[in-house]
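Below, each chain spelled out in residue letters.
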Amino acid sequence: MKLIPSEKGFELVHQNGNWVLKKEIGFSPVEMLVASIGACGAYVYEKILTNSHIAFAIETVEIAYERAEEKQAKPLRQVLITFFIRVGENEQGKAERALKLIGKNCPVMQSLDPEISVIEQVIFV
């Protein structure tokens, strides 16, 4: 991976078009980190549900975050990942229990400062 400076800010070079890493134009570096946490969690959750032989469809994933405003750099304090999924009523308990396996199997979450809490929840649609 490579970052290059431009008149827009720093850009992450990508073969299909660079990503501008500046909040006013694209996504800020903190937002990219939060998106990475959510995407990794979603991929891991998909794999857990598939390996558990649970028929499902993820409709959407919403990610919210809080920053520690009292600290100088205002690092992440908490990330909340909400999965909106379709699962048969008889499998909903298993799908909810599977949430606890996400953090243990997500390399992005495993790479975070332990002070950052990641909360996963599921809403059945």
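Before reading on, note that the structure itself is shown above.
Notes on the structure follow. Small disclaimer: the values here were computed from a predicted structure and weren't measured.

Another point: the packing of aromatic side chains. Evaluation of the coordinates by the stated rule reveals 1 aromatic pair. A centroid spacing of 4.7 Å and a plane angle of 45° characterise the contact between Y45 and F83, whose relative ring orientation is tilted. Of the two residues, Y45 is situated in helix α1 (residues 29-51) and F83 in strand β5 (residues 76-87); the sequence distance between them amounts to 38 residues. Comparing Y45 with F83 shows no difference in burial state: the two are buried.

The next point concerns the sheet that holds β5. Pairing in this open sheet of 3 strands is mixed, and the strands run β4-β5-β6 from one edge to the other. Edge positions in the open sheet fall to β4 (56-67) and β6 (117-124), since each of these has one partner strand only. The sheet shows a mean angle of 20° between the axes of neighbouring strands, direction not considered. Bridge analysis of β4 against β5 gives 11 bridges, and the strand direction is antiparallel. Its bridge partner being in β5, E66 is matched across the sheet by Q78.

Strand-to-strand pairing in sheets goes through backbone hydrogen bonds, with the strands running parallel or antiparallel. On the basis of which strands lie adjacent, the open sheet formed by 3 strands has the order β1-β2-β3 and antiparallel pairing. Each end of this open sheet is capped by a strand with a single partner; those strands are β1 (3-6) and β3 (19-20). Direction of pairing for strand β2 (residues 9-12) relative to β3: antiparallel, over a ladder of 2 bridges. Looking at the pairing, L12 lines up with W19 of β3.

Scoring rules and cut-offs
Residues numbered from 1 in each chain as written. Predicted model: local features only at pLDDT ≥ 70, side-chain atom pairs only at ≥ 80, totals over all residues. Heavy atoms only, no water. Phe/Tyr/Trp six-rings, centres within 6.5 Å; stacked < 30°, edge-to-face > 60°. Helix = DSSP H or I, 4+ residues; strand = E, 2+ residues; numbered from the N terminus. Buried < 20%, exposed > 50% of the residue type's maximum accessible area, 1.4 Å probe, protein only. Pairing = 2+ DSSP bridges. Axes fitted to C-alpha atoms, helices over the stretch in contact; angles between N-to-C directions.

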